[in-house]
Protein chains: 2
Amino acid sequence: MTFSQSAAQDAPMRVAALGGDPGPAALAGANAVRELVSIALDALVEGVRARGGPVPAGGPAAVGEAVARLDPWASAGVGAETAITELSTVLAAGSADPVDPWCAAHLHCPPLAVAAAADLVASVLNPSMDSWDQAPAATAIEQGLTEGLARLCYPNAERPDALVTTGGTESNLSGLLLARQAAAARGPVVPVCGRNSHHSVARAAWILGLPAPIPVDCVGDRMNPAALAEVLSGLAAPAVVVATAGTTNSGAIDPLEEIADLARAVGAWLHVDAAYGGALLLSDRRPSPLTGLDRADSIALDLHKLGWQPIAAGVLACRDADLLRVLDVRADYLNADDDTEAGLPDLLGRSLRTSRRPDAFKIAVTVRALGRAGLGELVDRCRDTAARVASAVTAHPDLRLWAEPTLSTVLLRPLAADELEAELGPDAGDALVAAVRRGLLDDGAAVLGRATLAPFSEEGWDGRDRLWLKLTLLHPHAQESDYLPLLDLIALRARQELAAR
Amino acid sequence: MTFSQSAAQDAPMRVAALGGDPGPAALAGANAVRELVSIALDALVEGVRARGGPVPAGGPAAVGEAVARLDPWASAGVGAETAITELSTVLAAGSADPVDPWCAAHLHCPPLAVAAAADLVASVLNPSMDSWDQAPAATAIEQGLTEGLARLCYPNAERPDALVTTGGTESNLSGLLLARQAAAARGPVVPVCGRNSHHSVARAAWILGLPAPIPVDCVGDRMNPAALAEVLSGLAAPAVVVATAGTTNSGAIDPLEEIADLARAVGAWLHVDAAYGGALLLSDRRPSPLTGLDRADSIALDLHKLGWQPIAAGVLACRDADLLRVLDVRADYLNADDDTEAGLPDLLGRSLRTSRRPDAFKIAVTVRALGRAGLGELVDRCRDTAARVASAVTAHPDLRLWAEPTLSTVLLRPLAADELEAELGPDAGDALVAAVRRGLLDDGAAVLGRATLAPFSEEGWDGRDRLWLKLTLLHPHAQESDYLPLLDLIALRARQELAAR
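Residues numbered from 1 in each chain as written. Chains lettered and ligands numbered in written order. Predicted model: local features only at pLDDT ≥ 70, side-chain atom pairs only at ≥ 80, totals over all residues. Heavy atoms only, no water.

Naming follows an unreviewed UniProt entry, where chain A appears as L-2,4-diaminobutyrate decarboxylase of Actinokineospora iranica. As its UniProt record puts it under Sequence similarities (unreviewed entry), chain A is described as follows: "Belongs to the group II decarboxylase family." Quoted verbatim from the Cofactor (unreviewed entry) heading of the UniProt record, the comment on chain A is "pyridoxal 5'-phosphate". (UniProt positions renumbered as here; feature names shortened; annotations may be inferred.)

Peer 1: Would you explain the pattern of salt bridges in this entry?
Peer 2: For side chains bearing opposite charge, pairing can occur when the charged atoms are close. Residue and element names in this part refer to chain A. Tallying each qualifying case throughout the model produces 84 salt bridges over all chains. Of the charged contacts, one joins Asp97 and Arg51 as a salt bridge, the two residues approaching to 3.0 Å between their closest N and O atoms. Of this pair, Asp97 sits in the loop between α3 (80-93) and α4 (113-125) while Arg51 sits in helix α1 (residues 27-51), placing them 46 residues apart in sequence. Each member of the pair Asp97 and Arg51 is classed as buried. For Asp462, the salt bridge goes to Arg466, with nearest N and O atoms at 2.7 Å. Taking the relative accessible area as the measure of exposure, Arg466 reaches 12% and is therefore buried. A cluster of three or more residues bridged by salt bridges with shared partners is formed by Arg400, Arg413, Asp418, Glu421, Asp427, Asp430, Asp462, Arg464 and Arg466. (Salt bridge = Lys/Arg side-chain N within 4 Å of Asp/Glu carboxyl O. Helix = DSSP H or I, 4+ residues; strand = E, 2+ residues; numbered from the N terminus. Buried < 20%, exposed > 50% of the residue type's maximum accessible area, 1.4 Å probe, protein only.)

Peer 1: So what exactly am I meant to see when it comes to the sheet that holds strand β6 (residues 239-244) of chain B here?
Peer 2: Think of a sheet as strands paired side by side through backbone hydrogen bonds, with each pair either parallel or antiparallel. Residue and element names in this part refer to chain B. With mixed pairing, the 7 strands of this open sheet are ordered in space as β1-β9-β8-β7-β6-β2-β3. Edge positions in the open sheet fall to β1 (161-165) and β3 (214-216), since each of these has one partner strand only. Averaged over all neighbouring strand pairs, the angle between strand axes comes to 20°, with direction disregarded. Pairing of β1 with strand β9 (residues 314-318), which is carried by 5 bridges, proceeds in the antiparallel orientation. Counted as the bridge partner of Ala162 is Ala317 from β9. (Pairing = 2+ DSSP bridges. Axes fitted to C-alpha atoms, helices over the stretch in contact; angles between N-to-C directions.)

Peer 1: So what exactly am I meant to see when it comes to the side chain of Glu142 of chain A here?
Peer 2: Relative to the helices and strands, Glu142 of chain A resides in helix α5 (residues 136-153). With relative accessibility at 3%, the residue Glu142 of chain A sits in the buried group.

Peer 1: What exactly am I supposed to notice about helix α7 (residues 199-207) of chain A here?
Peer 2: An α-helical turn contains 3.6 residues, so any two residues separated by three or four positions project in the same direction. Of all 9 residues that make up α7 of chain A, 7 are buried, and the element is covered over most of its length. What α7 of chain A keeps buried is the set His199, Ser200, Val201, Arg203, Ala204, Ala205 and Ile207 of chain A. Residues of α7 of chain A that are buried in the fold lie against α6 (168-182), β2 (190-194) and β6 (239-244) of chain A together with α6 (168-182), α7 (199-207) and α10 (332-335) of chain B. Gly209 of chain A, located one to two residues past α7 of chain A, shows a positive phi value of around 75°. (Contact = heavy atoms within 4.5 Å.)

Pasting the structure below:
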């Protein structure tokens, strides 16, 4: 067979890699990628330097202006080198960069170099996971990875299984879908979830045509088992209980054992959203706050959080492979009966998507590079740093801590907000907290998160939630000393806000 | 602010890029990526050479054995360089490589080098599109890209809009979801789609809790407007009509103008799955078989098909931005009211996902590199090549053509299958076709698709579909001469199969 060589003569149109011809021409595609990657990384470094901090200053207007000069639709084509240089510089200069410790708002991690490089290999070869004849090796790699992930979630199950998803949102949707189908014979399923649960749970219920979830009260951002028992006792329809292992607001982990007992007693499906906290499974540290997790029917994990993968790297684990069979689907062009009978793996039912990027590849490369325990050590580092930063908050004369961190989230409030609240009421206090966050963002100084929460202990609570500043610490190499000046800056800004009012 | 330098000292744990410190240390992360990419691309070339053809020989067993030696869960970690070398080699050696013209089964494209390199930049910076403070520049880049895509789909609409999705499957689901919500006041919506529609339409209906779609008969793999009129006239509930512009089986495009007239007459939502054919919008060639497309309420596009992007690069366009507002969702930690009021873009409702990779970036870089018309020329090349290969099939003494290609799909059948059918019946003929495809796949010689279809013209048809071999030609630089030996090989294998029976 021959391969048309025209691809190698026109750089912007070069395809990524060449097959078929094992001679020197086979290198042209890979070399085109290599050259463009080199150009792109130079541009990226240039952009990072131009930014100088965790996020660009000036808000959407400033960033939008830089981007508008590079309208992709405006010209006849500027060529690959120019386009990737210009746009990579602008993207890097205009990024909120999680590699900077002061970019700490969200479950938004700095990716490992090895994972990013592996993801490029996936892009170049472009396997699609919806049929074996588009992804022979990628299929086997995914199978090996998901077997291990399933075993990590369910060490004692007979036939656990796991699927790769786009993230916690798709995993939660899939968990609810499995629950809907498992209960179908007993009537429409009713979702029940803590008030601490991620918004994607209610959104999934809406997409799936289920009733809006019944909310269960929390204490200390953890589902209250007594409140769950009451909700379940009043329910005639089959339920799916959604618990959270690592809330977005505080990293709190629901009391999984008690919830599992209650769910089992009424025959409810138990789905645990462990998109954040599930990473503790990688660590050897004991005791684990995840005890009871393996009693869930399905579990959402996200390795683009504590797992340091480029997005997307979501997982849905299930205690029994047979429960996933409701996702099976046949399409003659992808999984014809005679192919399946001949032993070609039938992958179509392993996702709600059809064309599907091999996100398993970068995860597999990372796990093989660092080992499960190596990744677990990075998780432990983040937790240790968070504990130390929390102590520094407690010791700080102008800040107070919400509670000791469970995972790697530190919630804090400037005392200036409490002082303003005493004078002008809680709205004013919250507005001060919001202004500190926004001011640091607008100035390009820091990216802080926000959380609206009851106090950790509800003793003497007035019943109104307050706004807290949130540090979600996902950088495994950042240290307490990286954050101390940030605590001072927050306190200073809060004092300035108070003085200005 | 300081940045912990420990990241630069331990290669496997290096994060991808460094910010915050504009000195030489800022280069360490980017250099770690550069070195690992170089190692990975060397390994990739090695794997492509080892494969030697479009797909590895020996089926799942051979590939699985190579992968099993690299179990990510088996060891304490082998280091980044070793892991990425081993696994990239195995992935490349075990890939069905769409860069090889004889890998032509599916809508599975060879990605452009510039798109793959841009996707690496996205991986390294890892913006997440669910809030502005995780993706300042990526937000603006996505906005510019989707505005242009929306305008391409709806040149005459006042406020068209478009969302980035994981592919046609999510776009079809989103289109049906929009239709469900738009009709909510009039009762549950009923999907109506051609028998030629993609399986994801029925799957979306199932996920969304809608009734199974009512199928509409086709002629020549195109929806029959008379049959649609009959279905719609018998329907009391509000409908969503799903038409196809570029079927997976043959690339046929439904009569969009007539379907739009019928849908409008009954007030039905019209969604067009243009995941394959929508790429014709990039081309300047006229007349376009897409006439009428802009009368759809929503349109699915896929730039990881004719658009040469690494997966994923899906799009959902909608004729009016207001119709997308049903997807709005609020989550205080991502789009607090005071942020939205202050002008931070509210992105959360622009996807069914939450954490979301900036797939818009690679598409924007590609469009800016080649220009819209430059991409359109690549689309035209594929169509021209398909037309020439179709002529070669017609001229071939041992093959027959299903019909002239509409897009870039060529369906053919070895005459040996017809001869066997005349002797032993249609099952035997189809089995011969399946055996030719499987044999070439098992041998690592070629990756051919399959399609079960009625004849293009149904005159004198016996009512039973037949199995055809499918060539989906997505390589913009492959030429007719690349495929002529493949046609001969197919004919030869068919003769050999016939002789062996």
